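What the coordinates show
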Amino acid sequence: MQAQVSDPVLALDLGGTKIRGALVHGAGPGDALHSLHSTAPQLERVAEVATPAAAGPEAILSAAADLAERIRSGTTVRAVGLSSAGVIDSGRGRVTHATASLTGWAGTDLRTPLSRRFGVPVSVLNDVHAHGLGEARFGVGRERASLLLVAVGTGIGGCHVIEGRAVLGSHGAAGHVGHVLVPEADGVDCPCGRTGHLEGLASGPGIVQLAARLGADRSLQDGRALAAAATAGDEIALEAYRIAGLATGRVIGALLNVLDPEAVALTGGVPEAGAPWHDAVRRGIAQEAMDVVASTPVLAATAGSHAALLGAAARALDELSAPAATHP
């Protein structure tokens, strides 16, 4: 059956621990972009499976395709929109660089297997870029000309969206907010193999390690326990969040000077730690941001846990509506 304009997009979000998917209606070009009165996209048949991360690309893609098949069951879809961990060459639908969280992921062709399986166009986007696009179109970025998303969790990533389009960069690597030098991280190892980057200090695992260096109790070996200790007033836990928040704010302030977005959206597990982290972020921004950008709103993201699915679906429909000459 030939797909119709009213048919949904099959969206997938492939991460290191789980794969999510859904049918997405109403994420087309311009939908909810400039009007708060437009209808928000609707997700149906949301489902997820564990990612067989250590089993290699073939097993990972097979798990994603099987989940997608169950979600699609009996429904005609217009396209597949895939959000994936790793640095993505969206033009070719291929992973160019990846961490060890997905075994053998670098070099994987994501587009071809899914295109053959489902017989529709497949769009591929990095997961943080997809999250940023979803937040810009359907979250706090609605009715804003530009948005900088900063995601602080297991890693630290970002996405700059201008007029509803994610800035991907010439190598697909734009938005690596966590890989900026900060004085507070001097000598701290970063997961990328270098030292002194924000992510090594101020990501979720980085803050736990920071607290340990400050002398935290050995029971505080994960982010949830450390956040609970901070909430209870543990001074070392609070200091770890203050240091990490200040460093994060300094990087955001510097990015405001460079990018001048209309707003910043914060998302991820670390912002849930509460006031001490947020207060420190504000101090860091004030320390680095020039006066002209210092009042830029810094807001909590609102598009929800499925923002990357929304962004992946929106990107797929953008590519469908683009002139044929722009398709890879």
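For the structure given in this document, a descriptive report is provided here. Here the structure is a predicted model, which means the values were calculated and not measured.

The strand order 10-9-8-11-12 describes an open sheet built from 5 strands, whose pairing is mixed. Whereas interior strands pair on both sides, the edge strands pair on one side only; in this sheet they are strand 10 (165-166) and strand 12 (298-300). Of the strand pairs in this sheet, strand 11 (residues 264-267) and strand 12 are connected by 3 bridges, and their pairing is parallel. Bridge pairing in strand 12 links Leu266 to Ala300. Lying over the sheet, helix 3 (residues 127-138) contacts strand 8 (146-152), strand 9 (156-162), strand 10 and strand 11, oriented at roughly 45° with respect to strand 9.

Time to look at the pairing of strand 6 (residues 94-97). Pairing of strand 5 (residues 87-89) with strand 6, which is carried by 3 bridges, proceeds in the antiparallel orientation. Residue Val87 lies in a different strand from strand 6, and its bridge partner there is His97. Here strand 5 folds back onto strand 6 in antiparallel fashion, the turn holding 4 residues, of which Gly93 has a positive phi close to 70°.

Another aspect to go through is the pattern of salt bridges. Per the counting criterion, the structure on display carries 14 salt bridges. Salt-bridge contacts for Arg94 lead to Asp109; the nearest nitrogen and oxygen are separated by 4.0 Å. Here the residue Arg94 occupies a position in strand 6, and Asp109 occupies one in the loop between strand 6 and helix 2 (111-118), the gap between them amounting to 15 residues. A salt bridge links Arg282 to Asp279; the shortest N-O distance between them is 2.3 Å. Linking Arg282 with Asp279, this pair stays in helix 8 (residues 275-288), spanning 3 residues, or about one helical turn. Since its relative accessible area comes to 51%, Arg282 is described here as exposed. Taken together, the shared-partner salt bridges in this structure form one network comprising Asp66, Glu69, Arg72 and Arg117.

This paragraph deals with the sheet that holds strand 4 (residues 79-84). Taken in spatial order, the 5 strands line up as 3-2-1-4-7 in an open sheet, and their pairing is mixed. Either end of the sheet is taken by a strand with one partner, and the two such strands are strand 3 (42-50) and strand 7 (122-126). Sheet twist, expressed as the average angle between the axes of neighbouring strands with direction ignored, equals 15°. Across 6 bridges, the pairing between strand 1 (residues 9-14) and strand 2 (residues 18-25) is antiparallel. Bridge pairing in strand 2 places Val9 opposite Val24. Each of strand 1, strand 2 and strand 3 is contacted by helix 1 (residues 57-72), which is oriented at about 35° to strand 2, the strand it contacts most. Lying on the sheet, helix 9 (residues 307-321) is in contact with strand 1, strand 2, strand 3, strand 4 and strand 7; it crosses strand 1 at an angle near 130°.

As a further point, take empty space enclosed by the protein. If you roll a probe as big as a water molecule over the atoms, it shows you where there is empty space left. Taken as a whole, this structure holds 1 cavity of 30 Å³ or more when the rule is applied. Empty space within the largest cavity amounts to approximately 40 Å³. Lining the largest cavity we find 10 residues, and of these Ala136, Gly141, Arg144, Ala145 and Gly164 sit closest to its centre.

Rules of the game
For every chain, the first residue of the written sequence is number 1, and numbering continues from 1 along that sequence. Per-residue local features are limited, in this predicted model, to residues with pLDDT of at least 70; the limit for side-chain atom pairs, both in listing and counting, is 80 or more; totals at the level of whole chains, interfaces and linings are taken over all residues. Working from all heavy atoms in the structure, the side-chain values ignore hydrogens and water. When DSSP locates at least two bridges between a pair of strands, those strands are taken to pair. Here a strand is any run of E in DSSP of at least two residues, a helix any run of H or I of at least four, and the numbering for each starts at the N terminus. In what follows, residue pairs with any heavy atoms lying within 4.5 Å of each other are defined as contacts. To get an axis, fit a line to the C-alpha atoms, keeping to the stretch in contact for a helix; angles then go from 0 to 180 degrees between the N-to-C directions. By convention in these notes, a salt bridge is any Lys or Arg side-chain nitrogen within 4 Å of a carboxyl oxygen on Asp or Glu. Burial status follows relative accessibility: with a 1.4 Å probe on protein chains alone, a residue under 20% of its type maximum counts as buried, one over 50% as exposed, and anything between as partly exposed. Definitions used for this entry: grid spacing 1 Å over protein atoms alone; cavity, a set of points where a 1.4 Å probe fits but cannot get out; pocket, an open set with protein on both sides within 12 Å along at least 5 of 7 lines; lining residue, one with an atom within 4 Å of a point. Grid points are joined across faces, edges and corners, and a volume is the space filled by probe spheres set on the points.

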